[in-house]
Amino acid sequence: MAYDKELAAAIKAASLAARLCRKVQKALLQSDVRSKHGRNKSPVTVADYGSQALVSFVLQQEFPGEFSLVAEEDSIDLRKDGGGEIVERITKLVNESLTSDGSYGVSLSSEDVLKAIDSGKSEGGSQGRHWVLDPIDGTKGFVRGDQYAVALALLDRGNVVLGVLACPNLPLTSISVAHPHSPNNEVGCLFFAEVGRGTYMQLLDGSSTVKVQVSAVENPEEASFFESYESAHSMHDLSSLIAQKLGVKAAPIRMDSQVKYGALSRGDGAIYLRFPRNGYREKIWDHAAGSIVVTAGGVVTDAAGKQLDFSKGKYLDLDTGIIVSNQKLMPLLFDAVRASLAEKAKPQP
Ligand SMILES: Nc1ncnc2c1ncn2[C@@H]1O[C@H](COP(=O)(O)O)[C@@H](OP(=O)(O)O)[C@H]1O
Ligand SMILES: [Mg+2]
Ligand SMILES: [Mg+2]
Ligand SMILES: [Mg+2]
């Protein structure tokens, strides 16, 4: 209805990008992985760039004229001396993906690819429409051979109105503590949601669409929870304290990226806890798509119980952490979070 054309384009762009990422992950070379300029040591690969170029190109083809994209990557490092070879690899990957799709009948030059990457420089905000893209969320997982997602959302006047999460390594059947990666299972899911219309999961080729729903479990003893694989991204000791206070019996399911939101949206677990270390500022592309995908039965707030506000530009302005659960469990979870934070803040004897 309201966003049908946008949703179809987002699914197409994210699926193409996911196929590109899959190909690169299968044949990942050490030379494909780089560290980002100065700011921090987060990795970035040819697939992050290729995915961003591809999604940006597809969206601009589908919506010529009105286009604003807030995306994670930029071409600064690629334009430096010695970047030529990697730009050629990215360009080849993007063109192979476009050729295999066949919709656009064009071949991009290296400069076209760099421009497509750089068109993700919008600052977003509370006016108008903005696409929000994480071309690979969970790059560390991607490099390790684990979970990652292509995460694309649309903001309309500061609200997330649709989201697509392509999760190339997520098993089609429920994952659990015992089998977080299920190597024998068929993998590759795509979740999509539009405001007020529920969440759906399909295979990456677009087939087998089913409606999904967050778990309705009310008893914390039967609930399991997700958290980051990387303890540098989220304090594992704090979530274990919260889980203990809540009465959760199961061990945490640790996975990279917004795949956690996808798994939660179909009821694989009932809780997601994210508590970055002091000073870390969350970006909108790390939560926009995921947060709308779990709204079919789920609630996403910060640690003060406030809804996430995507209207303030690139950063989310929030209190302490992000918690996700179903409506019934949320009050109990919220109490456990408050009590755990208070306990941690107490001076140690
Ligand atoms: N110190 C830190 N604390 C919290 N999150 C961090 C972080 N450093 C990086 N991240 C974010 O955590 C994301 C991965 O999420 P998760 O922890 O759920 O796997 C990264 O996305 P990218 O991989 O897109 O850079 C990055 O934005
Ligand atoms: Mg990154
Ligand atoms: Mg990310
Ligand atoms: Mg990323």
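Criteria and thresholds
Residues numbered from 1 in each chain as written. Chains lettered and ligands numbered in written order. Predicted model: local features only at pLDDT ≥ 70, side-chain atom pairs only at ≥ 80, totals over all residues. Heavy atoms only, no water. Salt bridge = Lys/Arg side-chain N within 4 Å of Asp/Glu carboxyl O. Buried < 20%, exposed > 50% of the residue type's maximum accessible area, 1.4 Å probe, protein only. Helix = DSSP H or I, 4+ residues; strand = E, 2+ residues; numbered from the N terminus. Phe/Tyr/Trp six-rings, centres within 6.5 Å; stacked < 30°, edge-to-face > 60°. Lys NZ or Arg CZ within 6 Å of the ring centre and 35° of its normal. UniProt positions renumbered as here; feature names shortened; annotations may be inferred. Contact = heavy atoms within 4.5 Å.

**A word on the pattern of salt bridges**
Right, so step 1: Within this structure, the stated rule accounts for 23 salt bridges.
Right, so step 2: Its salt-bridge partner being E194, residue R197 comes within 3.3 Å of it at the nearest N-O pair.
Right, so step 3: Using a relative accessible area of 35% as the deciding quantity, one classes R197 as partly exposed.
Right, so step 4: Notably, a salt bridge pairs K328 with E218, separated by 3.5 Å at the nearest N-O pair. In this pair, K328 is assigned in the loop between β14 (322-326) and α9 (330-345) and E218 in the loop between β9 (210-212) and β10 (225-228), connecting sequence segments 110 residues apart.
Right, so step 5: By relative accessible area, which is 54% here, K328 ends up exposed.
Right, so step 6: Connected through shared salt-bridge partners, E6, R129, D156 and R157 make up one network.

**Quick notes on the packing of aromatic side chains**
Right, so step 1: A complete count under the given rule lists five aromatic pairs for this structure.
Right, so step 2: Taking 4.8 Å as the distance between ring centres and 85 degrees as the angle between the ring planes, the aromatic pair formed by F142 and Y148 counts as edge-to-face.
Right, so step 3: By relative accessible area, which is 0% here, Y148 ends up buried.
Right, so step 4: Considering the side-chain rings of F192 and Y200, the 5.5 Å spacing of their centres and the 20 degrees angle between planes classify their relative orientation as stacked.
Right, so step 5: Classification of F192 by relative accessible area gives buried; the value is 11%.
Right, so step 6: For Y200, a relative accessible area of 27% translates into the label partly exposed.
Right, so step 7: The ring of Y229 carries the charged tip of R144 above its face, separated from the ring centre by 3.7 Å.
Right, so step 8: Positioned above the aromatic ring of Y315 is the side chain of R281, whose terminal nitrogen or guanidinium carbon lies 3.9 Å from the ring centre.

**Quick word on the UniProt feature "binding site: Mg(2+)" (unreviewed entry) in the protein**
Right, so step 1: Under the UniProt annotation, "binding site: Mg(2+)" (unreviewed entry) lies at E72, D134, I136, D137 and D286. For the annotated residues, spread through 215 residues, the largest C-alpha to C-alpha distance comes to 9.8 Å, consistent with a single compact locus.
Right, so step 2: Of note, D134 is situated in strand β4 (residues 129-137).
Right, so step 3: Classification of D134 by relative accessible area gives buried; the value is 1%.
Right, so step 4: With residues near it in sequence (within four places) discarded, D134 still touches E72, A149, V150, A151, Q258, W285 and D286.
Right, so step 5: Its location among the elements puts D286 in the loop between β12 (271-274) and α8 (288-293).
Right, so step 6: Overall, the relative accessible area of 13% leaves D286 in the buried class.
Right, so step 7: The contacts of D286, once residues within four sequence positions are left out, are D134, D137, Q258, Y261 and Y280.

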